[in-house]
Amino acid sequence: MRKPLLIAIVLIFSFVNRLAAQATGPGGEPYRHGLLSQPRGAFIKNTTGKELTGSPADPGFSGQSGTGANIDVVYHRVNWTVDPRTATNIIGGSVVTYFKTIAANVATITMDLHNNFNNGSLVVTYHGTTCTRTLASNILTVTLPSTIAAINTLDSLVINYSGVPPAAAGAAQGYQQAGTTPDKYTGSLSESYEDRDWWPCKADMQDKVDSMDINVTVPWVTPADTFWVASNGRLYDSTITGNSRTFRFRTRYPIASYLVTLSVGKFTRYYRTAYANGTAVQAAYYILRNTTGHATKTAAMDKVNVVLDSLSRRWGDYPFKLEKHGFYDGLIGAGGMEHQTFSAMASGSMASLSTLNHELAHQWFGDNVTFATWNDLWLAEGPARFAEIYAAEKVPVLGYTAADVHTMRTGLRTAARNLNTASAWIPNANMATSALLWANPYGSTVYERGGMVITMLRALAGEAKFMEAMTSYQTELAGRSATTDSLKNHFNRALGTDINEFFRDYVGGSGKAAAAVGGVGHPTNNMVWNSPSANKLVLKVNSQTQSAGSNVTYFNGPVAMHFTNAATGWTKDTMIVIYDWGGGNLGYAGNGLSEPIPGNALSFDLSFTPTHAFYDDSAKTLSSGTITQDPAFMGYTWDGTTSAAWNTTTNWVNTTVPPSGAQVAISTVTNQPVLPGTITVDDLSSTAVAVPRWELPWIYTEPLA
Ligand SMILES: [Zn+2]
């Protein structure tokens, strides 16, 4: 039954049967509202329900190798000696480690170090006494001359070592020589397990070293433009002594071992000032002197300094603003690597805005907040991939057109959809080696699918809530590590509701686990819409199917639709994002996220009458879909044809009595409804106010015309 609506005033009501008001989420769990009232410490939890402290004492969490389980690494003072001209790529020096015991009676300490360094130069001392040590399976085991009895004891040991790092093998790069005489140079790329290939460390993102001093001695060769050193933190001294020169860096921000870097080469240095939301930040560009195109490269990096400011305003200040930001040339084995405070770039990528922006974004996602285990690598690569496009959209000086941004967005979505057999989250079995970690499909899903997860979080949350969640994640977890659940919790808090099912469906895991639960594939949504009267829009989900091979029975998440007043060349249009909670429950999204509204129908007040609809034509979500107009679809619209009785089907345009909680339109027709005793009005709004219904005051009354 359908009748035309020729009504001057339409009121939209939401009715809630108070007896049935305890809505439940997917899986039958009550939706958790009011999360803001929970204390911070109780809120940010890992998958085991404990607070993620970054402490290595956290059982169930440790570095991949399990080294250093009885200590918390506090400080390293590293002294390296490097001559890039040598034939053998030898590296040597000493690593002083200050640590705090986190167990009683510490008698042995283990560190990660490659077996190549098992030679006579490997000498470990404790308070000046040489220790017994073994090096096997890339783990250095040091037996202390005396047991450290008390927990929380601050102590130290010194590791002297020298040797030749292993050769690069695919994704495992480590520390290598490159270039030709007289421009030979050395460089490092430790992600994921190749830090141990060139220096002894505790490779555990949950135990970042709190601060480091890095001293590197290199040959001093005239003419003056001789070897320079690229490393983390602030360079504060480069004294020349005879035929050598020692560069001294210090960093006072917590740093994961795989983000420590060392490169020695003949760099031309360019210095700038970037600004992080008003704070001046040193920007340094080191470009190998024997390369061309320095002006083009520095111009690109100058533009990226504007991105640093833009991201600071959206995600919280650049995390290492008191030390430096920058890029150095000559990365071997990848296009870019986000070494903390100083990203390495392949020579051919130094002018690539997308690669520069990607590495810059990692300074927040990956460096400041690091994944607690490699399972959650997507927490770094997803936001960084997303930021390539986000920066293109937000920072005009980069020079991208709207069409460019659209192409980048659809490219990301297509790439993610083409990876429909694996999750963004990585299972334990694929974490044993760098070769496994970075092999497909996970070596691609962490970027493409991960990038789309962030894109969808932005779509469902809207700009303000998206920035709120990203910023709180960055500021509250600064210098620490996180799991997928950590990010979820920050979005839950910003949104005031629980989107756990979204993370299950699109990410598939959090922390260590053997297999993904969900996270594979994407939905195809068939949407139905109609405009029952002027400036009105109603829509519903007609059906959802899942892509072949998906392990998700129903995808909960955002659905983005574009409504216009013409097929082409429209003069009015609007983007509508809803959230499909499953089970016929829909929510308003894209400007915060509403509670689930039962009844599979949502109504919108627009500033124009839509005539055409397009399914997600700006690639905001991973889903594919269709959207079709059904002139018979009116949502739950009262027309009172038969009587004033609420529960009489023929009084409703679609001959369906709305379920509890459904959104209802009541027109001023012959019979106005008389509510039965079990129904109360929850929210009442007027179409005259063109903002989403849930943002209105609790009640808004206006005389009926
Ligand atoms: Zn990356």
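A brief structural summary. Because the structure is predicted, anything quoted here is derived from the model rather than measured. (Residues numbered from 1 in each chain as written. Predicted model: local features only at pLDDT ≥ 70, side-chain atom pairs only at ≥ 80, totals over all residues. Heavy atoms only, no water.)

The helix and strand inventory of the protein stands at nine helices and 34 strands. Counting the 705 residues in the protein, one finds 56% classified as buried. Residue pairs at least 24 apart in sequence account for 69% of intrachain contacts in the protein once pairs closer than 6 positions are excluded. In the form shown here, the protein has an accessible surface area of approximately 25,200 Å², with 54% of it arising from carbon and sulfur atoms. (Helix = DSSP H or I, 4+ residues; strand = E, 2+ residues; numbered from the N terminus. Buried < 20%, exposed > 50% of the residue type's maximum accessible area, 1.4 Å probe, protein only. Contact = heavy atoms within 4.5 Å. Areas by Shrake-Rupley, 256 points an atom, 1.4 Å probe, with all protein chains shown as cover.)

What follows deals with the pairing of strand β30 (residues 612-615). Residue alternation in β30 divides its side chains into a buried set, A613 and Y615, and an unburied set, H612 and F614. As paired elements, strand β26 (residues 557-564) and β30 share four bridges and run antiparallel to each other. Across the sheet, the residue bridging to T564 is H612, located in β30. (Pairing = 2+ DSSP bridges.)

By size, the foremost hydrophobic cluster in this structure holds 146 residues, and its most contacted members are W80, L262, W315, W378, L457, I499 and F502. Each of domain 1 (1-175 + 185-265) and domain 2 (523-629) accounts for three or more of the residues forming this core. Ignoring any residue separated from it by four or fewer positions in sequence, one finds W378 in contact with P383, A424, W425, V446, G450, V453, I454, T484, L487, F503 and V507. In this structure, V541, F563, L586 and Y588 belong to the second largest nonpolar core, which totals 20 residues. (Core = buried A, V, L, I, M, F, W, Y, C linked by side-chain atoms within 4.5 Å. Domains from an automatic or database assignment.)

Before going further, it helps to spend a moment on the pattern of salt bridges. Where side chains of opposite charge bring their charged atoms close, a pairing between them can arise. Inspection of the entire model under this criterion finds 22 salt bridges. For D302, the salt bridge identified is with R272, shortest N-O distance 2.9 Å. Linking D302 in helix α2 (residues 294-315) with R272 in strand β17 (residues 267-276), this pair joins segments that are 30 residues apart in sequence. A residue is classified by how much of its surface remains accessible, and R272, at 30% relative accessible area, is partly exposed. A salt bridge links D616 to R413; the nearest nitrogen and oxygen atoms lie 3.3 Å apart. In this pair, D616 is assigned in the loop between β30 and β31 (624-629) and R413 in helix α5 (residues 402-417), connecting sequence segments 203 residues apart. (Salt bridge = Lys/Arg side-chain N within 4 Å of Asp/Glu carboxyl O.)

Ordered in space as β28-β27-β26-β30, the four strands form an open sheet in which the pairing is antiparallel. In this open sheet, the two strands that pair with only one neighbour each are β28 (585-589) and β30. Each strand axis lies, on average, 35 degrees off the axis of its neighbour in the sheet, ignoring direction. Looking at chain direction, β26 and strand β27 (residues 573-582) are connected through eight bridges and run antiparallel. Looking at β27, one finds that F563 is bridged to T574. Along the sheet, helix α7 (residues 442-476) makes contact with β26, β27 and β28, crossing β27 at roughly 105 degrees. (Axes fitted to C-alpha atoms, helices over the stretch in contact; angles between N-to-C directions.)

Okay, the packing of α2 against helix α3 (residues 353-362) next. Where α2 meets α3, the axes come as close as 10 Å, and the angle between the chain directions of the two elements is 40 degrees. Here α2 is positioned oblique relative to α3, judged by the angle of their axes. Two packed elements cross with a definite hand, and for α2 against α3 that hand is right-handed. Residue-level inspection shows A300, M301, K303, V304, V307, L308, L311 and W315 of α2 in contact with α3, the latter providing L353, L356, N357, L360 and A361. Looking at the contact of α2 with α3, its residues break down into eleven nonpolar, one polar and one charged. (Parallel < 35°, antiparallel > 145°, perpendicular 65-115°, else oblique. Left-handed = near helix turned anticlockwise from the far one by under 90°. Nonpolar A, V, L, I, M, F, W, Y, C, P; charged D, E, K, R; others polar.)

Along the chain, S188 turns up in strand β11 (residues 185-189). A distance of 3.2 Å separates a polar atom in the side chain of S188 from the backbone nitrogen of L262. Non-local contacts of S188, meaning those with residues more than four positions away in its chain, are made with G174, Y175, W198, V260, T261, L262, Y328, L331 and H339. (Polar contact = N/O pair within 3.5 Å; in protein donor to acceptor, adjacent residues only side chain to side chain.)

With 22 residues, α2 should cover 32 Å at 1.5 Å per step; its first-to-last C-alpha distance of 30 Å lies within 8% of that length. Taken from the residues just after α2, G316 is the one with a positive phi, measuring 95 degrees. (Expected span 1.5 Å × (residues − 1).)

For the coordinates displayed, the defined rule picks out 38 aromatic pairs. Aromatic side chains W438 and Y447 sit 6.4 Å apart centroid to centroid with 50 degrees between the ring planes, which places their arrangement in the tilted category. With a centroid separation of 5.3 Å and 85 degrees between ring planes, the pair formed by W638 and W652 is classed as edge-to-face. Of this pair, W638 sits in strand β32 (residues 636-638) while W652 sits in the loop between β32 and β33 (663-667), and the two are 14 residues apart along the sequence. With a relative accessible area of 0%, W638 lands in the buried category. One aromatic cluster is present, formed by Y253, W315, Y318, F320, W364, F365, F386, Y390, F466, Y473 and F491 through successive ring pairs. (Phe/Tyr/Trp six-rings, centres within 6.5 Å; stacked < 30°, edge-to-face > 60°.)

We now examine the pairing of strand β24 (residues 523-530). Successive side chains on a regular strand alternate, one facing one side of the sheet and the next facing the other. Counting buried residues in β24 gives six out of eight residues, a clear majority hidden from the surface. Between β24 and strand β25 (residues 536-546), which pair antiparallel one after the other, the connecting turn spans five residues, and N535 there sits at a positive phi close to 60 degrees. Examined bridge by bridge, β24 and β31 share six bridges and lie parallel to one another. Within the sheet, the bridge partner assigned to T524 lies in β31 and is S624.

Residue position: M456 is located in helix α7. Along the sequence, M456 and A619 sit 163 residues apart, while their C-alpha atoms lie 9.3 Å from each other. In this view, M456 contacts F502, Y506, P558, K620, T621 and L622; residues no more than four positions away in its chain are not counted.

Here T181 and P182 are connected by a cis peptide whose omega angle stands at 10 degrees. Mapped onto the secondary structure, P182 falls in the loop between β10 (174-178) and β11. For the peptide bond that leads from E191 to S192, omega is 15 degrees, which places it in the cis range. Take S192: it is sitting in the loop between β11 and β12 (211-219). Of note in the backbone geometry, N600 takes a positive phi value of approximately 50 degrees without being a glycine. One non-glycine residue, A619, lies in positive phi territory at about 55 degrees. Relative to the assigned elements, A619 resides in the loop between β30 and β31.

Before going further, it helps to spend a moment on the sheet that holds strand β14 (residues 234-241). Ordered by their spatial adjacency, eight strands build an open sheet running β6-β5-β9-β3-β2-β12-β15-β14, and the pairing between neighbours is mixed. Of all strands in the sheet, those with a lone pairing partner are β6 (129-130) and β14, marking the two edges. Alignment of strand β5 (residues 123-126) against strand β9 (residues 154-163), held across three bridges, turns out to be antiparallel. Along β9, the bridge assignment pairs T125 with V158.

Bringing the coordination of the zinc ion into the picture now. The protein atoms that coordinate the zinc ion are H358 (NE2), H362 (NE2) and E381 (OE), at distances of 2.0 Å. Mapped onto the sequence, the residues coordinating the zinc ion show the spacing H-x3-H-x18-E. Separated by 23 residues along the polypeptide, H358 in helix α3 and E381 in helix α4 (residues 378-394) bring together distant segments of the chain. Judged on exposure class, the residue H358 and its partner E381 are both buried. (Donors = N, O, S within 2.8 Å, 3.2 Å for Na, K, Ca; no water.)

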